[in-house]
Each structure stands twice: as C-alpha cells, then as structure tokens.
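# Survey of secondary and tertiary structure
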Amino acid sequence: SLGDEDARMDSIEAQFQISFKARLWATDDRRFGVWGAYTQKSQWQVYNDETSRPFRETNYQPELFVSYNPGLSHGGFHWRLFNFGYNHQSNGRADPLSRGWDRLIAEFGVERGDFALLVRPWVIIDDGEDDNPDIEDYMGWGDITAVYKWRGNSFTLMGRGNPDTEKGAAKLTWTTAPILGPLRGYVSAFTGYGETLIDYNWKQSTFGIGFTLNDLLDRPAERN
C-alpha cells in the first residue's frame, strides 16, 4: 500500500538538480530575447538499502519565456530583468501519484550593489485537475527572493504562499565562493509546503548540504 511505502522511506536522502537554458532568438543589442529552459530535480533514497535505494520523486520543468532588459535606474536601484513565459512542472508518474501544473510566470529583478530582489507572480492555467486541484492553496500566487552577495558568497531568502489559506514556504540558502574550480559549497534550509510536487500539500522542514556549480542568479528555472 502507499502507506507502507511511505513508512519505509528514510528521512535522510540525496537531492540533485540539473538546469540549463538556451537563447533561441535575440535582437542585435541582446536586450530582448526568447529562451528555452529545463530543470530536473530528483529526491534519491540512496542510503535506504531496505527498499533498494529508489528515487522517491523526480520533478521535470520545461520553460519557454521572453526576456527583456529594461535598463532603468532610480534611487540606486537598477531594473535589468523582466521575463515572461510558460512553465510546466510534473513528476511523470501514474495515478494516484501523478502531480502536475502549468503556469504563466512573470519575473522582475532589481539590484543595488550586492543586493538583488526577484519577484515572480504567476497565473495557474492548469491546476492538474484530479491530481492536485488545490495546489494554489499551498503554492500560492508567486514568490519573492532576496539575494545578497558577500566576498564571493551568495545568500538567498525565498518566501511564497497564499494569504487566503495562510499556507506557504520559506527557503534560506548559502552558496560559498568557489572552492575547486567552479565548484561551490551549498547549504539550504526549507520549511513549509511544496518542496517537491509529491509533497505539495505536506508541511515539512528540511536541511541540506552539498555542492553546486552556479549561484541562484545563474540558474534558469526552479527556485523552490
């Protein structure tokens, strides 16, 4: 049964994420362009030999978006990022574990010195019907991420939620300066709903430590 399967899952697991993006078209000055992106994130029960070390969850996220650099400044803040596009996210599983949704997402980014603020409101155009029809209650209408860079390190704080249901999530990360070539240390702490699609309506707190090749501002897609 599903309950028995969940009971055999370890609380400690490995997570890895692969992200890339490609410019499909751009104007000569590169201020306006069309991009495609893809992110895949997996939760791997690599330490769980009792259940043959399965992948607990994998989320697939393709995107297509237009990007524009407004090039505006005011009060020391510089508005250099505006993206708008289509985002699909699903876990590719059969019922009753199938999860998925489709969104139109706008992203605004402003920066001042070593500080940046990313704001992403979204509109859900497909809530997954029978798979996760109440996903908006837990994932909300958008997220806000603050980024601070210091001596090659990056610190981020993300918040998202639905004020009507008082449900949401917060995530704190620290990406170190490069320690070996482009490789950086990575520490994260998450609390709330929706760390993965299968957990969208389950509140949890997690802590992770590992490595990454890029900091947040270089990643093309998932910031959850």
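The structure contained in this document is the topic of the report that follows. (Residues numbered from 1 in each chain as written. Predicted model: local features only at pLDDT ≥ 70, side-chain atom pairs only at ≥ 80, totals over all residues. Heavy atoms only, no water.)

### Things to note about a negative patch on the surface
Rule in force here: For patch detection, residues must exceed 30% relative accessible area and be free of salt bridges, and they are connected within 9 Å for like charges or within 5 Å for nonpolar side chains (Val, Leu, Ile, Met, Phe, Trp, Tyr). Areas reported as accessible are Shrake-Rupley estimates using a 1.4 Å probe. Residue values count occlusion only from the protein chains shown. A pair is scored as a salt bridge if a Lys or Arg side-chain nitrogen falls within 4 Å of a carboxyl oxygen belonging to Asp or Glu. Charge counting treats Lys and Arg as positive and Asp and Glu as negative, with His and both chain ends excluded. Where a charge sits is defined by one atom per residue type, namely NZ (Lys), CZ (Arg), CG (Asp) or CD (Glu). Labels follow the DSSP assignment, with helices taken as runs of H or I lasting at least four residues and strands as runs of E lasting at least two, numbered in each case from the N terminus.
Together, D95, D126, E129 and D130 make up a region of like negative charge exposed at the surface. Along the polypeptide, D126 turns up in strand β7 (residues 115-126).

### Looking at a nonpolar patch on the surface
Definition in use: Accessibility here uses a 1.4 Å probe with only protein chains present; expressed as a share of the type maximum, an area under 20% marks a residue as buried, one over 50% as exposed, and anything in between as partly exposed.
Where nonpolar side chains cluster on the molecular surface, the patch consists of L24, W25, F32, L64, V66, Y68, F84, Y86, L104, V123 and I125 and spans about 990 Å² of accessible area. Secondary structure elements with two or more residues in the nonpolar patch: β1 (14-26), β3 (55-68), β5 (77-90) and β7. It is β3 that contributes the most residues to the nonpolar patch, three residues altogether. Along the chain, the position of V66 falls in strand β3. Accessibility expressed as a relative area gives 30% for V66, which makes it partly exposed.

### So, the side chain of S67
Operational definition: Here a polar contact is recorded for every N or O atom pair within 3.5 Å, except that within protein the pair must consist of a potential hydrogen donor and a potential acceptor, and residues adjacent in sequence are included only if both atoms are side-chain atoms. We call two residues contacting when some pair of their heavy atoms lies within 4.5 Å.
Within the secondary structure, S67 is located in strand β3. For S67, a relative accessible area of 16% gives the class buried. A polar atom in the side chain of S67 sits 2.7 Å from the side chain of N83. Non-local contacts of S67, meaning those with residues more than four positions away in its chain, are made with R31, F32, G33, W35, L81, F82 and N83.

### As for the packing of aromatic side chains
Quick reminder of the rule: In summary, the pairing rule links any two rings of Phe, Tyr or Trp, Trp by its six-membered ring, whose centres are within 6.5 Å, and it sorts them by plane angle into stacked for under 30 degrees, edge-to-face for over 60 and tilted for everything else.
Under the criterion given, the structure shown has 10 aromatic pairs. Pairing F20 with Y38 gives two aromatic rings, centres 5.8 Å apart and planes at 45 degrees, and the pair type is tilted. Of the two residues, F20 is situated in strand β1 and Y38 in strand β2 (residues 32-44); the sequence distance between them amounts to 18 residues. Measuring from ring centre to ring centre gives 6.0 Å for W101 and W122, while their planes differ by 85 degrees; the resulting arrangement is edge-to-face. Here W101, found in strand β6 (residues 100-112), pairs with W122, found in strand β7; they are 21 residues apart in sequence, far enough to count as distant. For W101, a relative accessible area of 0% corresponds to the buried category.

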